[in-house]
Amino acid sequence: MLFVLSKLVDAALMPLSWVALLLVAGLPQRSAPYRRALMACASVLLLALGWEPLPDALMRPLEARYPELAPSVDLRGYRGVVVLGGAMEPGYLAQAHATSTLNEAAERMTQAVALAHRFPHLQILFTGGDGDLLAQGPTEATRAREFFHDQGLDLARVRLEDASRTTQENAVLGARLLGAEVREPWLLLTSAWHMPRAMGAFQQAGWNVRAYPVDFRTAPTTPWSRYSLGHSLRKWHLALHEYVGLLAYRITQS
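Tell me about the layout of surface pockets, residues and numbers included.
Approximately 1600 Å³ is the volume attributed to the largest pocket. Considering the residues around the largest pocket, the lining is formed by 49 residues, among which Lys7, Arg165, Thr166, Arg197 and His241 are closest to the centre. Counting only elements with at least two residues in the lining of the largest pocket, the list comes to helix 1 (2–12), helix 7 (140–150), helix 8 (167–178) and helix 10 (229–253). For the lining of the largest pocket, the leading source of residues is helix 10, giving 10 residues. The class makeup of the residues in the lining of the largest pocket is 15 nonpolar, 19 polar and 15 charged.

Pasting the structure below:
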């Protein structure tokens, strides 16, 4: 039930849904001045949503919470890398194609492979089932196994958790799979904007983790000339989703 509710809240956080609500509120049965005012509000909102400095200002604090690790950092003291799902297209699309279908968060997967090649002692735990409301096709963990195999990794180093649908389930079910090993040092690899919520969930579940953020979407500043409705809408949604998720964690864990 909570999973379904989270999906409904997530849909409400999509900025285009706000524009749609304004348009619906201005249906023809309304008075002409009222309708014109709502149409104007919807137009202004749609234009403003495309200006990238605005969502970047929301996303930047999330990405700055945990610093990016330098390539020269020594990782020999770590047991392994926990790789969070979310870097693959939905299962229904993946089952229609023979190659790996990575999405815009692909660095979660590619950087995990790079670390595994650089540090042969590191184990990899991939945690991710299917986060869609109506799951179809193979789980992310199943497809991750194929991806790691295609990238030349020894699958004896790879463990898979394929039942989780949320970040909290990633942490809890991953800990259940590893048992006492979670008390050893692990790297937590996920998108930088997702890292604050992920670290909170994993530490709450008893993990000894260090943040390894990837997939950055912002720089220290954003040029004022940056305008893209497609890119901005995605950033708005990601940032709002994370802030609401952090608030939900704070309420439920207090």
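Now that the structure has been shown, we can carry on.
Pulling in residues and values, what's your account of the pattern of salt bridges?
Per the counting criterion, the structure on display carries 11 salt bridges. The salt bridge partner of Glu104 is Arg234, with a shortest N-O separation of 2.5 Å. Here Arg234 lies in helix 10 and Glu104 lies in the loop between helix 5 (91–94) and helix 6 (107–118), a separation of 130 residues in the sequence. Overall, Glu104 belongs to the partly exposed group, its relative accessible area being 46%. Each of Glu52, Asp56, Arg226 and Lys235 takes part in a single network of salt bridges with overlapping partners.

Basis of the calculations
Sequence order as written defines the numbering, with residues in each chain counted from 1. Local features in this predicted model are restricted to residues of pLDDT 70 or higher, and side-chain atom pairs are both shown and tallied only at a pLDDT of 80 or more, whereas totals for entire chains, interfaces and linings draw on every residue. Side-chain calculation: all heavy atoms of the structure are included, whereas hydrogens and water are not. Buriedness of a pocket was judged along seven lines, with at least five required to meet protein on both sides within 12 Å; pockets are open sets of points on a 1 Å grid over the protein atoms alone, cavities are sets where a 1.4 Å probe fits but cannot get out, and lining residues have an atom within 4 Å of a point. Grid points are joined across faces, edges and corners, and a volume is the space filled by probe spheres set on the points. By definition, any uninterrupted DSSP run of H or I lasting at least four residues is a helix, any uninterrupted run of E lasting at least two residues is a strand, and each is numbered from the N terminus. Under the convention adopted here, Pro, Cys and the residues Ala, Val, Leu, Ile, Met, Phe, Trp and Tyr are nonpolar, Asp, Glu, Lys and Arg are charged, and Gly plus all remaining residues are polar. Salt bridge, as applied in this entry: a Lys or Arg side-chain nitrogen positioned within 4 Å of an Asp or Glu carboxyl oxygen. Burial here depends on accessible area, computed with a 1.4 Å probe over protein chains only, as a share of the maximum for the residue type. Under 20% is buried, over 50% is exposed, and the range in between is partly exposed.

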